[in-house]
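Residue strings, one per chain:
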Amino acid sequence: MKTDMQLHQDVLAELTWDPQLYESGQDIGVGANDGVVTLAGSVASYAEKLAAEHAAERVGGVKAVVNNLVVNIPSSMAHSDAELAQRLVKALMWDIEVPNDTIKAAIANGWVTLEGEAEWQFQRDAAARVARNLTGVRGVTNNIKVIAKGVSSSVVSRGIKEALERRADRTAANIIVDAKDGVVTLTGSVPSFGERRAAEGAAWSAPGVTEVRDALAVVF
């Protein structure tokens, strides 16, 4: 188990190492307390805010991340909501992973809210990715619902378990998969935040999944 000081230093090092945070990583404040890392300060884009959160999660010993970073967009990168809306509509339309005919977006003060339906989680994630990478976006709320075709719960559970064994054989035995009516609940333990994300990703990859409830504990 790392001390709070070690965790603090490792997260700072990861932030400055990440190329997405090349210009802002050194300006992010980091607090660590019993495995919980808090990020504070400001960044120039929503994409950088998420990149900082993911960077902290990659560090061994991190159990949870509290992201208090504020997005302060420079005046040279600011756009009106009308301009953002026009750019977002085009970006969603041109992204091959986004089912743009079933997704709508609203923008208020730089904050994007996505609504609509998708058949797969990767399509839902793709729409959010497109939105957060637009210059001038301060945040994204993803209300897109995954409406998948029905698949038997036993088939879903078995498929996810097999995927976990392929991707993370060290931890698959400690993960319990329960699927019912498209809702998958993951319980048990994993040794890192990264493997927790991998398990959640494997669950979302199964056909027929409309919701994943991640109750996995990170235990070192």
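The coordinates are above.
A. Summary view of the overall build of the protein chain. For the protein chain, the helix and strand inventory stands at 6 helices and 13 strands. Here the C-alpha atoms of the protein chain give a radius of gyration of 19 Å, agreeing with the 17 Å that 2.2 N^0.38 yields for 220 residues. Taking all 220 residues of the protein chain together, the buried fraction comes to 40%. Residue pairs in contact within the protein chain that sit at least 24 positions apart in sequence constitute 68% of those at least 6 positions apart. Carbon together with sulfur atoms contributes 52% to the accessible area of the protein chain, which is approximately 11,900 Å² in total. In the protein chain, 22 side chains carry a positive charge and 28 a negative one; their mean positions are 4 Å apart.

B. Geometry of the packing of helix α1 (residues 4-17) against helix α2 (residues 46-58). Across the interface, α1 lies against α2 with an axial gap of 9 Å and an inter-helix angle of 135°. Here α1 is positioned oblique relative to α2, judged by the angle of their axes. The handedness of the crossing between α1 and α2 is right-handed. Mapping the contact onto sequence places Val11, Glu14 and Leu15 in α1 and Ala52, Ala55, Ala56 and Arg58 in α2. Taken together, the residues of the contact of α1 with α2 sort by class into 5 nonpolar, no polar and 2 charged.

C. Representation of the packing of aromatic side chains within the structure. Tallied over the entire structure, the rule returns 2 aromatic pairs. Plain terms: the ring middles of tyrosine 46 and tryptophan 111 are 6.4 Å apart, the flat faces sit at 55° to each other, and that makes the pair tilted. Here tyrosine 46, found in helix α2, pairs with tryptophan 111, found in strand β7 (residues 111-118); they are 65 residues apart in sequence, far enough to count as distant. The exposure class assigned to tryptophan 111 is partly exposed, which follows from its relative accessible area of 38%. With a centroid separation of 6.5 Å and an interplanar angle of 40°, the aromatic rings of tryptophan 120 and phenylalanine 122 are classed as tilted.

D. Spatial organisation of the environment of alanine 199. Structurally, alanine 199 is set in helix α6 (residues 193-204). Through-space distance from the C-alpha of alanine 199 to that of asparagine 143 is 22 Å; in sequence the pair is 56 residues apart. Once you skip the residues sitting within four places of it in the chain, alanine 199 turns out to touch Leu164, Ile175, Leu186 and Leu216.

E. Structural context of the layout of surface pockets. By volume, the largest pocket amounts to about 650 Å³. Forming the boundary of the largest pocket are 20 residues, of which His54, Gln121, Asp125, Arg132 and Arg197 lie nearest the centre. In terms of residue count, helix α4 (residues 121-132) provides more of the lining of the largest pocket than any other element does, 7 residues in total. Taken together, the residues of the lining of the largest pocket break down into 7 nonpolar, 4 polar and 9 charged.

F. A look at unusual backbone geometry. Its identity is not glycine, yet aspartate 34 carries a phi of approximately 55°, on the positive side. Following the sequence through the fold, aspartate 34 ends up in the loop between β1 (29-33) and β2 (36-40). In this structure, aspartate 181 is a non-glycine residue whose phi angle is positive, near 55°. Its location among the elements puts aspartate 181 in the loop between β10 (175-180) and β11 (183-190).

G. Structural context of the pattern of salt bridges. Under the criterion given, the structure shown has 8 salt bridges. With a closest N to O distance of 3.0 Å, aspartate 18 and arginine 58 form a salt bridge. Here aspartate 18 is found in the loop between α1 and β1, whereas its partner arginine 58 is found in helix α2, with 40 residues between them in sequence. By relative accessible area, which is 5% here, aspartate 18 ends up buried. We classify arginine 58 as partly exposed; its relative accessible area is 46%. What emerges from the salt-bridge pattern is a single network uniting Glu14, Asp18 and Arg58.

Rules used in this analysis
- Residues numbered from 1 in each chain as written.
- Predicted model: local features only at pLDDT ≥ 70, side-chain atom pairs only at ≥ 80, totals over all residues.
- Heavy atoms only, no water.
- Helix = DSSP H or I, 4+ residues; strand = E, 2+ residues; numbered from the N terminus.
- Rg over C-alpha atoms; globule rule 2.2 N^0.38 Å.
- Buried < 20%, exposed > 50% of the residue type's maximum accessible area, 1.4 Å probe, protein only.
- Contact = heavy atoms within 4.5 Å.
- Areas by Shrake-Rupley, 256 points an atom, 1.4 Å probe, with all protein chains shown as cover.
- Lys, Arg positive; Asp, Glu negative; His and termini not counted.
- Charge placed at Lys NZ, Arg CZ, Asp CG, Glu CD.
- Axes fitted to C-alpha atoms, helices over the stretch in contact; angles between N-to-C directions.
- Parallel < 35°, antiparallel > 145°, perpendicular 65-115°, else oblique.
- Left-handed = near helix turned anticlockwise from the far one by under 90°.
- Nonpolar A, V, L, I, M, F, W, Y, C, P; charged D, E, K, R; others polar.
- Phe/Tyr/Trp six-rings, centres within 6.5 Å; stacked < 30°, edge-to-face > 60°.
- 1 Å grid on protein atoms, 1.4 Å probe; cavity = no way out; pocket = protein on both sides within 12 Å on 5 of 7 lines; lining within 4 Å.
- Points joined across faces, edges and corners; volume = space filled by probe spheres on them.
- Salt bridge = Lys/Arg side-chain N within 4 Å of Asp/Glu carboxyl O.

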